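Single-letter residue listing:
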2 protein chains.
Amino acid sequence: SPAGMINLGMASLRLYAGLVGYPSGFCARSLRTLSGMTVSQGTRDYNPKQMAIREKVFNTIISCFKRHGAENIDTPVFELKETLTGKYGEDSKLIYDLKDQGGELLSLRYDLTVPFARYLAMNKVTNIKRYHIAKVYRRDNPAMTRGRYREFYQCDFDIAGQYDPMIPDAECLKIVHEILSELELGDFRIKVNDRRILDGMFAVCGVPDDKFRTICSTVDKLDKVSWEDVRSEMVKEKGLSEEAADQIGQYVSLQGGMDLAERLLQDAKMSQSKQACAGLTDMKQLFSYLQLFQVTDKVVFDLSLARGLDYYTGVIYEAILTQTGPVPVAAAQNGAGEKAEEGVSVGSVAGGGRYDGLVGMFDPKGRKVPCVGVSIGIERVFSIMEQKASAEKVRTTETQVMVASAQKNLLEERLRLTAELWNAGIKAEVMYKKNPKLLSQLQHCEDSGIPLVAILGEQELKDGVVKLRTVHSREEIDVSRDKLVEEIKRRTSDV
Amino acid sequence: SPAGMINLGMASLRLYAGLVGYPSGFCARSLRTLSGMTVSQGTRDYNPKQMAIREKVFNTIISCFKRHGAENIDTPVFELKETLTGKYGEDSKLIYDLKDQGGELLSLRYDLTVPFARYLAMNKVTNIKRYHIAKVYRRDNPAMTRGRYREFYQCDFDIAGQYDPMIPDAECLKIVHEILSELELGDFRIKVNDRRILDGMFAVCGVPDDKFRTICSTVDKLDKVSWEDVRSEMVKEKGLSEEAADQIGQYVSLQGGMDLAERLLQDAKMSQSKQACAGLTDMKQLFSYLQLFQVTDKVVFDLSLARGLDYYTGVIYEAILTQTGPVPVAAAQNGAGEKAEEGVSVGSVAGGGRYDGLVGMFDPKGRKVPCVGVSIGIERVFSIMEQKASAEKVRTTETQVMVASAQKNLLEERLRLTAELWNAGIKAEVMYKKNPKLLSQLQHCEDSGIPLVAILGEQELKDGVVKLRTVHSREEIDVSRDKLVEEIKRRTSDV
């Protein structure tokens, strides 16, 4: 009974009362109740097809990280609760805590950035280029986050160390460009800004110091709501003067490239802020490196990009897909991480920035390690890939050959040959039946995409050969047993 | 200060008062206090060197699983608390619970077997051959578990489905044989027994039905303590008669192969038990398949093998290393899983068995799905590999070439060439400095094992060449810029 099923392994079961139209089949662990209302939950199993897609996406991303010389690290799924405290602003309420069963208070990691900073401080690492791919946990408010998972992957690449300005920052953007190009998700744009430019802009527009953060998070909504709504929130809810709001409005509508950075350096108001000038000078430098990397076709300096988290100190960026098809409900999931929480474009697939102060928060002597990094919104990528693959057949194994027989009493011969193939490094399967029908053996090959069948019979055994059948063409040839491994390798060299 | 450090990200910090001799450097997150006493904790970070070793081990294991046609699945790190309830006997106290923050009660997974069974029942999967590699969580009693981690990997391979007897079971043992051979951990032995043989033996020896489990867990200690101690526990603590104990003693000292199974089938007492006969007949069949798979050199039918967990219903097995060097304290960690908890040999590196009843516990109609599987004790393997590698240099990146310069003001040219190489799929690094010294660039190559350096200078730029230096021989040749990618690929084709 469906009601009975609800008790089976349903972690974080939640009723989404308003989501009757939730697409079925997307969430592997979504269930329909008798009334037809959709029941969903915060986590999902990955079935073999989803895992095959996941593996492909990971391979693309990891290859890119390795091409850039990154090392790999891993940290525990839980941290001391106090490690996470005070790092995520009001999102801290989304942190999963472990029950106090004696010992330290622990929480599940909320992102990979804070554990990375803790790792650097604890191990006194002052420079490293590393990637980290792992699951993070957020008790998202179901009403607000249709289709978001509470357990999702982050794919982070970060460069820690004291270097000349903007070189590692440019490499992070190059990486985003490479990954999004290789994943073939359609056209994309990478928006770039700088926390210092934003702060400088707020200062010269007359925003009081203590309102920078709150005004910043209002600006961050510009990719979802109109300027009129943003202006109204600034003035009516946050008490900003109309003049200040209008001045901000003029700046945040600006988009461009190196030219815009140069123009703003000459801007009468903006040039009064030291902070803004530092940010703009770096922005010029960044674009000069991006030109060398040949990625300026996709990168735009956009003064409306704010991003939520407090820990950014310099350049910030976010990549969005510009030609998505019908967006699945679940696409709102954004693994791009931290800041994508606020100010998320529906199409956001990567984000990051520079955070020079975070490591120092974990060092007893407050020693700083400058860092810049990027997080790929891999769950969004998975759902796009899964949608693309929904009609296609995706192989979930890599088996090259099925060892079969048309005759009875040949189980032992099949097992013997299968072991020979395994020992020679061939990926081989055999049915766990004494006398399976040839048809069911061939059907299994069709179903799971196994390209070859090695068929044994009394005659073949006598002749010292194996009948090698190509599944798609049904062509069969006798291959001498001692040439079989070689022949299978030759025919499946692309597997 | 060390005292200050203890507050940094120390999840599950525990004082191991008695472990002053704990080997330093093993646990990445172990710290020494001022008094010299070792402080350890339940989890660890993996640094890049450890990750490189981990990746190598995983690749070996995953290749083997794929060679056998296994699919891959993944499940969430937490399950409904009730999913785990009643599956682990008294070990249930080791389960990590999440704090009740509203919603369902959740627990971190304790192994991968119960989530697998839940997955099969929930998705109505009746046959699958799958592997699952993921971390599991146990609040182990630190006093009892020197060096064990509270977060550790399990590598599980299971075959679910109704098949002819012992064929999938034999494949699991073949897999253990392949993996342990390929990992080159030294000689090993795989002990095999059957729950039905044990139960039949207890019955014919006069053990009361309600004492089967507790006597079984006493037998399970035979790999650690003498028969005298085991006998004494049976008689004095568990109230077994001396006659019954002595009869058990005669059986559990037996070891052999197919011959032993045949002998016991003729045994006057043993043959009175239907259960024992069923197990012994299957054991004979198993050995006949193991002969075809050519793995009987390492497999021994051992009547003292018991294994702890309740859910086994048929064949059980455990692999041990027989020629370990100095065993690190941490080697007691046993990822082999469930049952290795009790009855663990120090050298145990894999274990598993048949569990035909577990899936039915999660199905509303109690439909059974027979399963057999094996869990590789990967943490034990890691620690052996880490020890082996402790003196060696292990590469933590795959970088093929460093783009360098001996002259000043060539940053832009270096970045341009680096991007060319990245775009051609070459793994390349460049220093994030405007004018790094050649020596420091070469030193970085030495340190991280980068085999080639592409050196740019004014003259090379004029001539359209790059000076390609082989790090180990210091040999340098000029390579035409348009032949550079090809030349790097040729020279690093083994990377």
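Residues numbered from 1 in each chain as written. Chains lettered and ligands numbered in written order. Predicted model: local features only at pLDDT ≥ 70, side-chain atom pairs only at ≥ 80, totals over all residues. Heavy atoms only, no water.

## Focus on the overall build of chain A
Looking only at helices and strands, one finds 16 helices and 19 strands in chain A. For chain A, the exposed surface amounts to about 18800 Å²; the carbon and sulfur share of it is 49%. (Helix = DSSP H or I, 4+ residues; strand = E, 2+ residues; numbered from the N terminus. Areas by Shrake-Rupley, 256 points an atom, 1.4 Å probe, with all protein chains shown as cover.)

## Observations regarding the packing of aromatic side chains
One pass over the full model with this rule turns up 28 aromatic pairs over all chains. Seen in terms of ring centroids, A:Phe58 and A:Phe382 are 5.7 Å apart; in terms of plane orientation they differ by 70°. Their pairing is edge-to-face. Of the two residues, A:Phe58 sits in helix α2 (residues 48-67) while A:Phe382 sits in helix α12 (residues 378-389), which places them 324 residues apart along the sequence. Residue class for A:Phe382 comes out buried when judged on its relative accessible area of 1%. Residues B:Tyr311 and B:Tyr355 carry aromatic rings whose centres are separated by 5.7 Å and whose planes lie at 55° to one another, so their mutual orientation is tilted. Residue B:Tyr311 is found in the loop between β11 (299-302) and β12 (315-321), and its partner B:Tyr355 is found in the loop between β13 (348-354) and β14 (371-376); the two are separated by 44 residues along the sequence. In this structure, B:Arg54 packs its charged tip against the face of B:Tyr46, placed 4.6 Å from the ring centre. Note that B:Lys298 overlies the ring of B:Phe188, its terminal NZ or CZ placed 5.2 Å from the centroid. (Phe/Tyr/Trp six-rings, centres within 6.5 Å; stacked < 30°, edge-to-face > 60°. Buried < 20%, exposed > 50% of the residue type's maximum accessible area, 1.4 Å probe, protein only. Lys NZ or Arg CZ within 6 Å of the ring centre and 35° of its normal.)

## Describing the packing of α2(A) against α12(A)
All names here are of chain A. One can describe the packing of α2 onto α12 by two numbers: an axis separation of 10 Å at closest approach and a directional angle of 125°. Comparing their axes, α12 and α2 come out oblique. The two elements α2 and α12 cross, and the hand of that crossing is right-handed. Taking contact as the criterion, the partners of Lys-49, Gln-50, Ile-53, Arg-54, Val-57, Phe-58 and Ile-61 in α2 are, on α12, Ile-378, Val-381, Phe-382, Met-385, Glu-386 and Ala-389. (Axes fitted to C-alpha atoms, helices over the stretch in contact; angles between N-to-C directions. Parallel < 35°, antiparallel > 145°, perpendicular 65-115°, else oblique. Left-handed = near helix turned anticlockwise from the far one by under 90°. Contact = heavy atoms within 4.5 Å.)

## Thoughts on the UniProt feature "binding site: L-histidine" (unreviewed entry) in chain A
Residues and elements named next belong to chain A. Cross-referencing UniProt, the feature "binding site: L-histidine" (unreviewed entry) maps to Asp-111, Leu-112, Thr-113, Arg-138, Gln-154, Asp-158, Arg-307, Tyr-311 and Tyr-312 in the present numbering. Within the element layout of this structure, Arg-138 appears in the loop between β7 (128-137) and β8 (151-160). Within the structure, Arg-138 has its side chain in polar contact with the backbone oxygen of Tyr-110 (distance 3.0 Å). With respect to the helices and strands, Gln-154 occurs in strand β8. Polar side-chain contacts of Gln-154 include one of 3.4 Å to the backbone nitrogen of Leu-112. (UniProt positions renumbered as here; feature names shortened; annotations may be inferred. Polar contact = N/O pair within 3.5 Å; in protein donor to acceptor, adjacent residues only side chain to side chain.)

## Examining the sheet that holds β8(A)
Each strand in a sheet pairs with its neighbour through backbone hydrogen bonds, running either in the same direction (parallel) or in the opposite one (antiparallel). Residue and element names in this part refer to chain A. The strand order across the open sheet formed by nine strands is β4-β7-β8-β14-β13-β12-β9-β11-β10, and the pairing between neighbours is mixed. Of all strands in the sheet, those with a lone pairing partner are β4 (71-72) and β10 (255-256), marking the two edges. Pairing of β7 with β8, which is carried by ten bridges, proceeds in the antiparallel orientation. Across the sheet, residue Val-136 finds its bridge partner in β8, namely Phe-152. Lying on the sheet, helix α6 (residues 195-204) is in contact with β9 (188-194), β11 (299-302) and β12 (315-321); it crosses β9 at an angle near 55°. (Pairing = 2+ DSSP bridges.)

## Considerations on the interface of chain B and chain A
On the chain A side, the residues contacting the 96 residues of chain B number 97 residues. Contact with chain A buries area across many residues of chain B, yet B:Leu292, B:Trp422 and B:Tyr432 alone supply 10% of it, more than any other trio. Across the contact surface, chain B and chain A share twelve salt bridges. A salt bridge links A:Glu55 to B:Lys66; its shortest N-O distance comes to 2.6 Å. (Buried area = accessible area lost by both parts, 1.4 Å probe. Salt bridge = Lys/Arg side-chain N within 4 Å of Asp/Glu carboxyl O.)

## Notes on the environment of A:Lys433
Within the secondary structure, A:Lys433 sits in the loop between β16 (428-430) and α14 (438-448). Through-space distance from the C-alpha of A:Lys433 to that of A:Leu411 is 7.5 Å; in sequence the pair is 22 residues apart. Those residues in contact with A:Lys433 that lie beyond four places of it in its chain are A:Leu411, A:Arg414, B:Gln162, B:Tyr163, B:Asp164 and B:Ile167.

## So, the packing of helix α6 (residues 195-204) of chain B against helix α9 (residues 242-252) of chain B
All names here are of chain B. Two elements in contact, α6 and α9, have axes separated by 9 Å at closest approach and are oriented at 145°. α6 and α9 meet at a crossing whose hand is right-handed. Across the interface between the two elements, Met-201, Phe-202 and Val-204 from α6 touch Gln-247, Ile-248, Tyr-251 and Val-252 from α9. Across the contact of α6 with α9, the residue classes tally to six nonpolar, one polar and no charged. (Nonpolar A, V, L, I, M, F, W, Y, C, P; charged D, E, K, R; others polar.)

## Examining the confidence of the model for chain A
As a note on interpretation, predicted positions should not be read in detail where pLDDT is low. Residues and elements named next belong to chain A. Averaged over every residue, the pLDDT of chain A is 86; residues scoring 70 or more account for 85%. Segment residues 1-40 is flagged for pLDDT under 50; beyond a separation of four residues in sequence, or across chains, it makes 102 contacts in the model. Contacts for the low-pLDDT stretch residues 326-345, under 50 throughout, to residues beyond four places or in other chains number 83 contacts. (pLDDT = per-residue confidence, 0-100.)

## Considering helix α16 (residues 484-491) of chain B
Residues and elements named next belong to chain B. Regarding α16, the residues found buried are Leu-484, Glu-487 and Ile-488. The buried side chains of α16 occupy one side of the element, clustering within an arc of 100° when seen end-on. In α16, the exposed positions that point more than 90 degrees away from the buried face belong to Glu-486 and Arg-490. Of the surrounding secondary structure, the elements contacted by the buried residues of α16 are β15 (401-405), α13 (411-423), β17 (452-456), β18 (465-470) and β19 (476-480). (Arc of directions from axis to C-beta.)

## Describing α6(A)
All names here are of chain A. When you tally the buried positions in α6, you get nine out of ten residues, the bulk of the element. Among all positions of α6, only Arg-195, Arg-196, Ile-197, Leu-198, Asp-199, Gly-200, Met-201, Phe-202 and Val-204 are buried. The inward-facing, buried residues of α6 abut β9, α7 (212-219), α9 (242-252), α11 (274-292), β11 and β12. Of the residues trailing α6, Gly-206 is marked for its positive phi of about 90°.

## Observations concerning the environment of A:Ala350
All names here are of chain A. When you line up the elements, Ala-350 lands in strand β13 (residues 348-354). Taking the relative accessible area as the measure of exposure, Ala-350 reaches 1% and is therefore buried. The spacing of Ala-350 and Gly-377 is 27 residues in sequence and 5.1 Å in space, taken between C-alpha atoms.

## Describing the pattern of salt bridges
By the definition in use, this model includes 74 salt bridges over all chains. Note that A:Asp97 is salt-bridged to B:Lys99, the shortest N-O span being 3.6 Å. Note that A:Asp97 is positioned in the loop between α3 (81-84) and β6 (106-108) and B:Lys99 in the loop between α3 (81-84) and β6 (106-108), a pairing that runs across two chains. Classification of A:Asp97 by relative accessible area gives buried; the value is 6%. Exposure remark for B:Lys99: the relative accessible area of 41% places this residue in the partly exposed category. For B:Asp187, the salt bridge identified is with B:Lys298, shortest N-O distance 2.6 Å. Of this pair, B:Asp187 sits in the loop between α5 (167-183) and β9 (188-194) while B:Lys298 sits in the loop between α11 (274-292) and β11, and the two are 111 residues apart along the sequence. Taken together, the salt bridges that share partners define one network made up of A:Arg54, A:Lys135, A:Glu151 and B:Asp74.

## Points about the sheet that holds strand β10 (residues 255-256) of chain B
All names here are of chain B. As summarised here, the arrangement of the nine strands in space is β4-β7-β8-β14-β13-β12-β9-β11-β10, forming an open sheet in which the pairing is mixed. The sheet terminates laterally at β4 (71-72) and β10, the two strands that pair on one side only. Its contacts with the sheet place α6 against β9, β11 and β12, and it is angled at close to 55° to β9.

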